[in-house]
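Here's the letter readout for the chains.
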Amino acid sequence: MFPQPKLTICVPSRNRQRYFQETIRSLLMNMRTDVEFVFADNSDDASIMNTFMADIGGDPRVKFIPSADHVFSMVDNWERCLETATGEFITVIGDDDYVDVDVVDLIKDVQRNEPRADVIAWTRLTYNWPSHRPRKCVVGVPMGTNYYRVDKSILLRDFFHWSHDAASPNNLFAIYHGAVSRKIMEKIRAKFNGRYFEHPVVDFENSCKLLVTADNFIHVERPFSVLGACAESNSGRVATAADLKAMYTQFMSDIGRSIDNDAYMKDFPFPFFLGNTAAIGLCQQWFKYTYGHKAPAGWEKNFARACAKNCGMARDRENFELISEGYRTAFENWQGGKFLEHFNPTFKEPGSGKSYYGLLKNMLYIDEDIGGVQTPAELLHLVGQFIAPRETMQFRTVRQLAVG
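These figures come from a predicted structure and were not determined experimentally.

Asks: Tell me about the pairing of strand S10 (residues 217-229), and name the residues and values.
Replies: The side chains of a regular strand alternate, first on one face of the sheet and then on the other. Extensive coverage of S10 is indicated by the burial of 12 of its 13 residues. As paired strands, strand S5 (residues 98-99) and S10 are joined by two bridges and run antiparallel to one another. Each residue of the ladder has a partner; that of Tyr98, found in S10, is Val226. Two strands pair when backbone bridges link them, and strand S6 (residues 119-128) and S10 are joined in this way by 10 bridges, in the parallel orientation. Within the sheet, the bridge partner assigned to Arg124 lies in S10 and is Ser225. Inspection of the sheet shows strand S8 (residues 146-150) paired to S10 by four bridges, in the antiparallel sense. Within S10, the position partnered with Tyr147 by the bridge is Val220.

Asks: Outline the sheet that holds strand S7 (residues 138-142), listing residues and values.
Replies: Adjacent strands of a sheet form backbone hydrogen bonds with each other and so pair up, either parallel or antiparallel. Here three strands make up an open sheet; going across it, the order is S7-S12-S11 and the pairing antiparallel. The sheet is open, and its two edges are formed by S7 and strand S11 (358-360), each paired on a single side. Across the sheet, the mean angle from the axis of one strand to that of its neighbour is 30 degrees, orientation sign disregarded. With five bridges connecting them, S7 and strand S12 (residues 363-367) associate as antiparallel partners. Looking at the pairing, Pro142 lines up with Met363 of S12.

Asks: Which residues make up the packing of helix H7 (residues 202-213) against helix H9 (residues 276-291), and what values do they have?
Replies: It is at 9 Å that the axes of H7 and H9 come closest, and there the two elements cross at 45 degrees. As summarised for this structure, H7 and H9 are arranged oblique, according to the angle between their axes. Here H7 runs over H9; the crossing is right-handed. Residues Phe204, Glu205, Cys208, Lys209 and Val212 of H7 touch H9, and the partners they reach there are Ile280, Cys283, Gln284, Trp286 and Phe287. Partitioned by chemical class, the residues of the contact of H7 with H9 number seven nonpolar, one polar and two charged.

Asks: Could you give an account of the packing of aromatic side chains, with specific residues and numbers?
Replies: Scanning the model with the defined rule gives 34 aromatic pairs in all. A network of ring pairs unites the aromatic residues Trp162, Phe268, Phe270, Trp299, Phe303, Tyr327, Phe331, Trp334, Phe339 and Phe343 as a single cluster. The ring of Phe224 carries Arg222 above its face, with NZ or CZ at 4.5 Å from the centroid. Its guanidinium or amino end placed over the ring of Trp299, Lys288 lies 3.7 Å from that ring's centre, counting from NZ or CZ.

Asks: Break down unusual backbone geometry for me, with residues and values.
Replies: Not every positive phi belongs to a glycine, and Asn15 is a case in point at roughly 60 degrees. In this fold, Asn15 is placed in the loop between strand S1 (7-12) and helix H1 (17-28). The phi dihedral of Gln335 is positive, around 50 degrees, even though this residue is not glycine. By secondary structure assignment, the location of Gln335 is in the loop between helix H11 (317-332) and S11. Overall, the relative accessible area of 39% leaves Gln335 in the partly exposed class.

Reading the values: the criteria
- Residues numbered from 1 in each chain as written.
- Predicted model: local features only at pLDDT ≥ 70, side-chain atom pairs only at ≥ 80, totals over all residues.
- Heavy atoms only, no water.
- Buried < 20%, exposed > 50% of the residue type's maximum accessible area, 1.4 Å probe, protein only.
- Helix = DSSP H or I, 4+ residues; strand = E, 2+ residues; numbered from the N terminus.
- Pairing = 2+ DSSP bridges.
- Axes fitted to C-alpha atoms, helices over the stretch in contact; angles between N-to-C directions.
- Parallel < 35°, antiparallel > 145°, perpendicular 65-115°, else oblique.
- Left-handed = near helix turned anticlockwise from the far one by under 90°.
- Contact = heavy atoms within 4.5 Å.
- Nonpolar A, V, L, I, M, F, W, Y, C, P; charged D, E, K, R; others polar.
- Phe/Tyr/Trp six-rings, centres within 6.5 Å; stacked < 30°, edge-to-face > 60°.
- Lys NZ or Arg CZ within 6 Å of the ring centre and 35° of its normal.

Quick look at the structure:
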């Protein structure tokens, strides 16, 4: 008889069966029995995954949630994953991602030093599937060997202040590519409207709720998962205005309404389709509006700078101009244009700089084609041959600086 699972790995999917199937195969290759897998299909054609799951056999660690007679929103698909999960800790990854199942041993190590750990965040690698290679990419591999507690007050300030000088706020702590205790997720459900998830930007919504609910945050320098990107994934469709519009249309169709018409958008004219920065901003705006959270003074200037960096991610000059114009219009209409002067996007021709390979400070930069890897799982397994073994990692008490 299998023990109560230490960890539940949830994988919700939406019409990306080929990647979903590969991710499932990669996860199930690890035969340890203290982990549970929840696979939730949300496809228009249920037969594809139903047949696949029947063919892979009756693994008692697996709970498969099939597609229904209607498409669930991302919020509801994640919700039914959490309702099914029984592990002491829970993580969610995308259907084109990968997480090392042996991260369970990391959780056990952390608990020996920090028995009250609420959230464990590890660093993540990035990987473009071979079918999605808009340009040659380098993978940064953190070579750190420590894990430590991070001050909650610093995390709260930096996340809502956008003080990281990047296109997204400084935060690694979420159930997406992180491990959150079931106790905290149940506390969130009781505290916030009886649901685990409410907002369509589910990963950053979870960050908002964790930062005001949990107390003990652990950051791990060593990577234990991979953020994959395929042509159909959200992260793979943010470089052109047409892709953003198509993603926006599908997104709103799935939830059955336009969130741009929600009450909290009245004083925040940044439509979802502008890009990831706008989407994260409106998620924070929703949280502040709905639950009365106060952001640190001065966040607006930093948000404007983040939006400019979002524009710089455009694939070519034409799309840079289209996306920049959309943001510029939003800033003109926001608080009388007060923060427009801080929005100064700069276009950089893709591939104009040289790729660096090698060690720089505490990061090793490698080609994502290294060793001929074809999947996120293969990348992480290869990297695992030259980074510090999990059992050699050291606990370093409290780190006062926020993680980047």
